[in-house]
Amino acid sequence: LEMAMSTVGAGSICDGKVLVQLTPKSAFFMRATPEAGAAPPSVPYPSKSSASGGSVADPFVLLRLEDKTIKLLTMTSATNTGQVVVRDLTTQLPEEIRGEVLWASLWKDLLVVLLPTQRGTVSVLQLHGGLGKPLTLREVFRSPHLGDVPPVLRSIVQTEEEDEDAKFNASLDYLRPITDVCATLPRSSVEVHLARQGDEKGAANVLSAELVDVDPDDEGPTLVLLVKGRPILFYRAMVARGPQGEKSSGAFPYSFSLVEHDFLGLVMDFDGAPYRPVSPLQDAVGRPSGAVCCAPHSGLPALWIGAKRNRFFIHPFPGKTYRGVAPLSAACVASGGFFSLLESDSGGTVAQVSSPATVEGLGSAGSFDLRQSIPCARLSIKKKPSWMATQGSEGLLGVAVSDMVVELNDVPAGPGMEEDPLSEDWSIIREAPVKVDAPPAMPRVHPRYELWIETSKELSKLGRYHFSFDNEEAVLSMSWVNLPGFPLSLAVGTGVNTGEDLTCRGRLMLFTIKDKEPGILPPVYQRSLRSPVTVVGQSGSNFIHAEGFKLYVEKWENSSFNKLALFDGSLCMTSMSNIKNFMLFGDLRKGTSSFWPAEVDFCQWKEEQSTGTRTIRRLSRSPPSMNMTVLACEFVIHQKSLGLVALDHKGNVHLYQYTPHSDGREGDQILRSCATFAMGAPCRSALRLQTEPGVQSLLMASGTGEVFCCRPIDDQAYRTITTLLGMLFTRLPFRCGLNPRAYRSDAQIHLLTPRKNIEDAVLLKSFAFLSQPLQNSIAEKMRLPLPALMRATVPYGSNVLG
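This structure is a prediction, so every number in the text was calculated from the model and none was measured. (Residues numbered from 1 in each chain as written. Predicted model: local features only at pLDDT ≥ 70, side-chain atom pairs only at ≥ 80, totals over all residues. Heavy atoms only, no water.)

### Points about the sheet that holds strand E40 (residues 600–607)
Overall, antiparallel pairing links the four strands, which are arranged E38-E39-E40-E41 in an open sheet. At either margin of the open sheet sits one strand with a lone partner, and together these are strand E38 (573–579) and strand E41 (614–621). Between one strand axis and the next, the sheet turns through 25° on average, direction left out of account. In this structure, strand E39 (residues 582–587) lies alongside E40, joined through five bridges in antiparallel fashion. Pairing of Phe 582 across the sheet is with Gln 604, part of E40. (Pairing = 2+ DSSP bridges. Helix = DSSP H or I, 4+ residues; strand = E, 2+ residues; numbered from the N terminus. Axes fitted to C-alpha atoms, helices over the stretch in contact; angles between N-to-C directions.)

### Some points on the pairing of strand E5 (residues 51–57)
Along any regular strand the residues' side chains alternate between the sheet's two faces. Taking burial as the measure, the seven residues of E5 include six buried ones, the bulk of the element. The antiparallel hairpin formed by E5 and strand E6 (residues 60–65) contains two residues in its connecting segment. (Buried < 20%, exposed > 50% of the residue type's maximum accessible area, 1.4 Å probe, protein only.)

### Section: the packing of aromatic side chains
Tallied over the full model, the rule gives 22 aromatic pairs. An angle of 65° between the planes, with centres 4.9 Å apart, marks the rings of Trp 556 and Phe 561 as edge-to-face. The pair formed by Trp 556 and Phe 561 is uniform in burial state, with each residue classed as buried. Lying over the aromatic face of Trp 103, Arg 64 brings its terminal NZ or CZ to 3.7 Å of the ring centre. Taking NZ or CZ as reference, Arg 684 lies 4.4 Å from the ring centre of Trp 387, over its face. (Phe/Tyr/Trp six-rings, centres within 6.5 Å; stacked < 30°, edge-to-face > 60°. Lys NZ or Arg CZ within 6 Å of the ring centre and 35° of its normal.)

### Focus on helix H4 (residues 715–731)
Residues separated by three or four positions in an α-helix point in the same direction, a consequence of the helix having 3.6 residues per turn. Relative to the 24 Å expected for 17 residues at 1.5 Å per residue, H4 spans 24 Å between its end C-alpha atoms, a close match to the ideal helical length. Three or more residues of H4 are buried, namely Ala 717, Tyr 718, Thr 720, Ile 721, Thr 722, Leu 724, Leu 725, Met 727, Leu 728 and Phe 729. Elements in contact with the buried residues of H4: helix H5 (740–743), helix H6 (761–768), helix H7 (772–782) and helix H8 (786–793). For H4, the capping residue at the N-terminal end is Asp 714, with a side-chain oxygen 3.1 Å from the backbone nitrogen of Gln 716. (Expected span 1.5 Å × (residues − 1). Contact = heavy atoms within 4.5 Å. Polar contact = N/O pair within 3.5 Å; in protein donor to acceptor, adjacent residues only side chain to side chain.)

### Overview of the environment of Glu 210
Residue placement: Glu 210 occurs in strand E14 (residues 206–212). According to the relative accessible area criterion, Glu 210 is buried, its value standing at 12%. In this structure, the C-alpha to C-alpha distance between Glu 210 and Leu 631, residues 421 residues apart in sequence, is 48 Å. Filtering out sequence-adjacent residues up to four positions away, Glu 210 remains in contact with Trp 103, Ser 105, Thr 222, Leu 223, Val 224, Pro 277 and Val 278.

### Details of the packing of H4 against H7
Following both chains from N to C, one finds H4 and H7 inclined at 125°, their axes separated by 11 Å at the closest point. Viewed along their axes, H4 and H7 adopt a mutual orientation that is oblique. For the crossing formed where H4 meets H7, the hand is right-handed. Facing Thr 720, Thr 723, Leu 724, Met 727, Leu 728 and Arg 731 of H4, the residues of H7 in contact are Ser 777, Ile 778, Lys 781 and Met 782. Looking at side-chain class alone, the contact of H4 with H7 contains five nonpolar, three polar and two charged residues. (Parallel < 35°, antiparallel > 145°, perpendicular 65-115°, else oblique. Left-handed = near helix turned anticlockwise from the far one by under 90°. Nonpolar A, V, L, I, M, F, W, Y, C, P; charged D, E, K, R; others polar.)

### Here we look at the sheet that holds strand E24 (residues 349–354)
Taken in spatial order, the three strands line up as E22-E23-E24 in an open sheet, and their pairing is antiparallel. Single-partner strands in this sheet number two, and they are strand E22 (322–327) and E24. Shown here is a sheet whose adjacent strand axes are inclined to one another by a mean of 20°, direction ignored. Here strand E23 (residues 338–343) runs beside E24; their pairing, made up of six bridges, is antiparallel. Residue pairing for E24: Leu 341 is matched across the bridge by Ala 351.

### Notes on unusual backbone geometry
Of the consecutive residues Asp 58 and Pro 59, the connecting peptide bond is found in the cis state with omega at 5°. Considering the arrangement of structural elements, one finds Pro 59 in the loop between E5 and E6. A positive phi is found at His 145, a non-glycine position, where the angle reads about 65°. Secondary-structure assignment places His 145 in the loop between strand E12 (136–143) and strand E13 (152–153). Not every positive phi belongs to a glycine, and Asn 558 is a case in point at roughly 55°.

Here it is, written out as structure tokens:
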């Protein structure tokens with residue numbers, strides 16, 4: 001192959017026996033196997049053409065020329081000489097295609113051409129002949145207005161079964177909103193369409209259109225479309241259906257539907273270098289196994305796409321400098337490796353060979369499954385995980401697991417009287433006032449908990465270090481703590497509840513695997529308590545835990561924990577978070593009674609060095625009118641602004657702010673209500689994560705298997721976004737006639753109305769994929785240029801994990 005010239009395309013011909021390299025002036029060849037003989041000599045292109053790109057689909061070779069025209073060639077091997085014979089079939093193409101085109105590529109026996117007419121028209125032609133026979137082409141698909149980004153693409157090529165009405169309806173697809181493509185178009189939209197017939201402006205915004213197979217079980221190919229000022233667009237194929245629902249037949253019986261995704265970087269123009277937008281990938285047996293899509297410039301991540309059971313998955317590559325990717329099968333990389341080109345900081349190009357990432361401690365099971373919403377590696381533990389705590393710097397993992405067991409009457413709940421440290425405490429009720437001697441008709445089934453601890457390098461052996469809790473003892477809280485004078489340990493709080501007439505007991509335990517042998521792991525410290533331990537954690541060098549409604553701050557001194565301060569909550573603390581010397585507590589609410597007024601407490605830890613006093617002072621609390629149980633609480637940070645977030649049992653997120661001065665209804669001792677948002681599922685776990693300099697967002701895991709993100713933004717961006725989404729709510733139809741903002745509002749009646757909204761980035765994402773006419777009408781109402789509006793809003797709808 002020629003290494004001194006740029007490669008604009010590559011592929012295989014002659015049934016895979018010859019590899020072809022397309023350079024700007026000539027085609028070079030190499031035998032697929034060394035024993036096949038010498039490589040055929042290079043062949044210059046007809047008419048001294050200069051190519052800027054190309055694609056190969058044996059025996060056809062397509063060249064995209066620098067003058068924005070194309071050449072269609074066939075390359076076959078002469079049987080007597082072994083040389084490659086090139087025939088130029090360009091003159092047999094339709095006149096429309098022989099002129100200027102925006103892009104062209106080959107997919108199997110189909111020629112995909114992007115024409116500048118009607119604001120960008122994609123035409124798919126089926127190729128027949130060409131090998132010693134006249135070339136015949138039949139147009140099997142045609143869809144205009146690609147520059148307007150229609151939510152669906154239907155062919156306007158009229159067949160015998162279709163009439164003019166069906167063709168006219170397909171030509172209106174670019175006016176349909178992606179929020180509800182089945183909504184009836186208003187009469188004014190149809191009049192706009194008829195008035196702008198023949199308008200060619202905007203076709204240059206369409207850069208490329210290519211078909212690719214991403215999964216062998218898909219109904220059809222995926223169309224990858226690049227439009228300036230838009231994210232990378234993916235259209236999924238579906239077999240077109242007739243009026244009675246019957247599937248269409250033919251060479252290309254597909255329609256396409258636009259897929260919304262979370263990676264909203266905006267595509268710009270070509271930068272002049274040779275460019276291949278889509279690189280198909282194959283598995284070990286040669287079946288389609290996804291593809292990689294690269295932007296025509298640096299600054300956007302390359303996107304891996306794949307599918308499974310008709311579900312479409314998109315994941316970004318790390319970094320934003322990928323310029324090209326190709327699959328690689330070599331001994332130096334595992335199955336699924338690839339070769340990539342990256343742009344260096346100095347402006348040059350760097351070659352890189354990569355293999356799929358694996359989790360070090362999982363061994364053969366450590367490969368990531370990309371056909372998931374979030375790439376993940378799975379480890380089967382055969383028990384239900386209930387709690388998990390990680391320690392990143394030391395690579396430690398603690399998991400509380402449980403399995404269901406049948407209740408045994410002869411096994412006591414919790415510790416027996418002989419080994420119970422609180423056996424002499426008369427206030428503990430151990431027997432119910434009314435005792436039933438008859439056995440139950442059906443034995444009760446309850447969870448039995450066990451603790452597993454392991455290092456990240458030995459995750460495949462999870463369960464080597466284990467501890468079994470008492471019968472009926474449930475794990476209620478778990479956190480890693482690193483206290484001065486105490487080894488790095490996993491703090492676990494438990495509770496034993498066997499009935500409303502009996503005292504709910506609890507234990508506080510600390511475990512460490514330092515200098516321990518695998519096996520049963522006894523606690524290095526434990527304490528039996530008269531209340532369940534619902535919160536454990538650390539603030540500075542102090543240890544924090546909650547016993548029911550009381551929170552204690554303790555310090556490890558002289559081989560024991562000494563209490564420094566305590567704080568009385570409302571009913572039962574459920575969660576805790578701290579930042580610097582500020583603490584946020586979530587509480588359980590008892591019904592609608594106003595006897596328990598506080599659900600969220602914002603407190604300050606204060607330690608006077610001169611007097612030696614230590615106190616937890618409540619600065620403010622949530623409004624007493626709020627009726628909720630807080631499952632988790634955390635902070636969000638934007639520069640110097642601090643937000644307090646509470647997640648309740650109904651799946652709502654509540655945003656508060658502390659202000660030292662009252663406005664007559666909130667402030668001072670009552671937290672300022674900023675906004676509420678209904679996520680649709682309760683979240684019990686929250687993680688504060690820095691997503692950009694000066695900004696810490698909140699990741700939340702829900703009980704339905706979703707991951708949400710609460711991201712703080714500045715006031716200027718908020719005003720623009722809330723105005724934009726208000727326009728979307730009022731001007732666009734939505735499925736089932738639902739109002740998304742009303743749906744995302746907390747249904748509870750508040751005495752104090754929240755001052756702002758937590759805006760829905762899902763709708764912001766919909767705006768990025770909205771058709772051009774609808775985008776323009778909204779931008780005109782907001783009196784902002786559309787490109788400026790896209791740059792100001794779309795980044796806030798993009799996935800923070802990308």
